[in-house]
Amino acid sequence: MMNYKRISRFTEQMLSLLVVFLLLTAATLWTGRLFGHDIGAHNEPATPTASSLTAPSAQQLQQLGLDAKAVQLTPRDSASWSVSTTNGLAKGIIISTQPYAPDVKGFAGTTPIYIYVSESGTIQQLAAADNAETADFFQRAFQSLAPQWTNKSLKQATAVQVDAVSGATFSSKAIIANVQQTLTTISAQEHQQTAAPTIGWARTLMVALVLLIGIGVSVVLRGNKWARTMVLILNVVVLGFWCGQFLSLSLLRGWISNGLDPIAYLPTLMVLAVVVVMPLCKRKHHYCSWVCPLGSLQTLASMLPLPKVHCTPQVYRLMNRIRLYTFALLMLLLWTLPWAGQVLDYEPFSAFLIQSAAPAVTILAAVIVVASCFVPNVWCKCFCPMGMTLTLAEDTLTDNKPMPDRKSTRLNS
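Keep in mind that this is a model prediction, so the values were computed, not measured. (Residues numbered from 1 in each chain as written. Predicted model: local features only at pLDDT ≥ 70, side-chain atom pairs only at ≥ 80, totals over all residues. Heavy atoms only, no water.)

A.B. asks: I'd love a proper account of the confidence of the model for the chain, names of residues and values included.
C.D. replies: When pLDDT is averaged along the chain, the result is 82, and 87% of the positions lie at 70 or above. Every residue in residues 41–51 is under pLDDT 50, and counting partners more than four places away or in other chains gives 13 contacts. Contacts for the low-pLDDT stretch residues 397–413, under 50 throughout, to residues beyond four places or in other chains number 28 contacts. (pLDDT = per-residue confidence, 0-100. Contact = heavy atoms within 4.5 Å.)

Below, the structure written as structure tokens:
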């Protein structure tokens, strides 16, 4: 009988995971891609086609860090040029994104990009080809986005998660799509590079260590306040600010749409493995309580000796319903409106990526942390769509208990 109950619960949890996966998959259909493959009418792979491309101008070469008088360009194929000095010394290649992303458009049309890659395989600079975008908006987006791909190998740049620039959404979305589609296709053809996580092996090992410490403390020292505080600090400092490892709907949606490199994304996959495995070991909501950097930062803020707003069980149930309704509304928008994915650009988790976080995201995260000083974990309990996603994935049909692990909440109150 016990085996039957265990099998039944395991099956229900797997079905819950499947349902959530299908919900997120449906939310990616507007992108026209699934696991890196085009779907629908345009299902041919993004490979260069023979076309007459315009070589970079002298001004664009200067933006790429090259002197037009000191280098010469030789057509390499239908999408790139070899770069060499006048003495014949090879300097790398310049790639046009136009053949790789011909259907990507901004507000006023296509926005092709030139990518200069050195002989060592590192992206040196990017430059915009001619386009009809509004100059101010486009330049603002380009100047903010381009540095996030430079000084990285093609594989590393492919794995970079880049957020749209608020106020120039159409142009920035087009720039991101141009570069990502091009890099994804090219890096798939590169077999000679050494596989490594995007954040490096040292940081990947630190992520694994912090996750293991969190698991150990949650199991063995669950009631020890000092041990838990140490885990929370490690989550914020290591997982958050140093390694930038967290889960978000934007990240999961991007994986389902574009696919992923398991080595490049190894640290985040380890986090995802903890999310899946711990509930199967009867440790529900482990990620929200013991891993999430933003949740940890809110909990640390709630420990400050400031007056707290008393919330009754009825208020907590209302907050839970608000979170469910927020998640349902977001899913509805993602399923029905092609532009709704822009809403995910404002998930507060990316505030840990200080250099690339949009100002609006940073402000939202700051407001959340300050509010948590008075109402503990207010974002987690009332709004977080990622937390609601995990709750739906972890709670089975036969489990009527409400939400999170209240032990940790009581510990921090």
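A.B. asks: Give me the lowdown on the packing of aromatic side chains, citing residues and values where you can.
C.D. replies: Taken as a whole, this structure holds six aromatic pairs when the rule is applied. Plain terms: the ring middles of Phe138 and Phe142 are 6.1 Å apart, the flat faces sit at 15 degrees to each other, and that makes the pair stacked. Of this pair, Phe138 and Phe142 both sit in helix α3 (residues 135–145), four residues apart, roughly one helical turn. For the ring pair Phe241 and Phe352, a centre distance of 4.8 Å and an interplane angle of 65 degrees mean the geometry is edge-to-face. Highlighted residues: Phe241 in helix α7 (residues 225–242) and Phe352 in the loop between α12 (313–336) and α13 (359–372), separated in sequence by 111 residues. Take Phe352: its relative accessible area is 4%, and that puts it in the buried class. A cation over a ring is seen here: Arg228 above Trp290, with NZ or CZ 4.5 Å from the ring centre. (Phe/Tyr/Trp six-rings, centres within 6.5 Å; stacked < 30°, edge-to-face > 60°. Helix = DSSP H or I, 4+ residues; strand = E, 2+ residues; numbered from the N terminus. Buried < 20%, exposed > 50% of the residue type's maximum accessible area, 1.4 Å probe, protein only. Lys NZ or Arg CZ within 6 Å of the ring centre and 35° of its normal.)

A.B. asks: Just give me the short version of the pairing of strand β3 (residues 71–77), but keep the residues and values in it.
C.D. replies: The side chains of a regular strand alternate between the sheet's two faces. As defined by bridge partners, β3 adjoins strand β4 (residues 80–85) across six bridges and the pair is classed as antiparallel. Note that in β4 the partner of Thr74 across the bridge is Ser82. Taking the residues that link successive antiparallel strands as the turn, the β3-β4 hairpin has two residues. (Pairing = 2+ DSSP bridges.)

A.B. asks: Give me α13: which residues, what numbers.
C.D. replies: Over its 14 residues, α13 runs 20 Å from end to end, which matches the ideal 20 Å to within 8%, given 1.5 Å per residue. Residues Val361, Ala365, Ile368, Val369 and Ser372 constitute the buried set of α13. Here the buried residues of α13 occupy an arc of 95 degrees about the axis, which is enough to place them on one side. The exposed set on the far side of α13, more than 90 degrees from its buried face, consists of Pro359, Ile363, Val367 and Val370. (Expected span 1.5 Å × (residues − 1). Arc of directions from axis to C-beta.)

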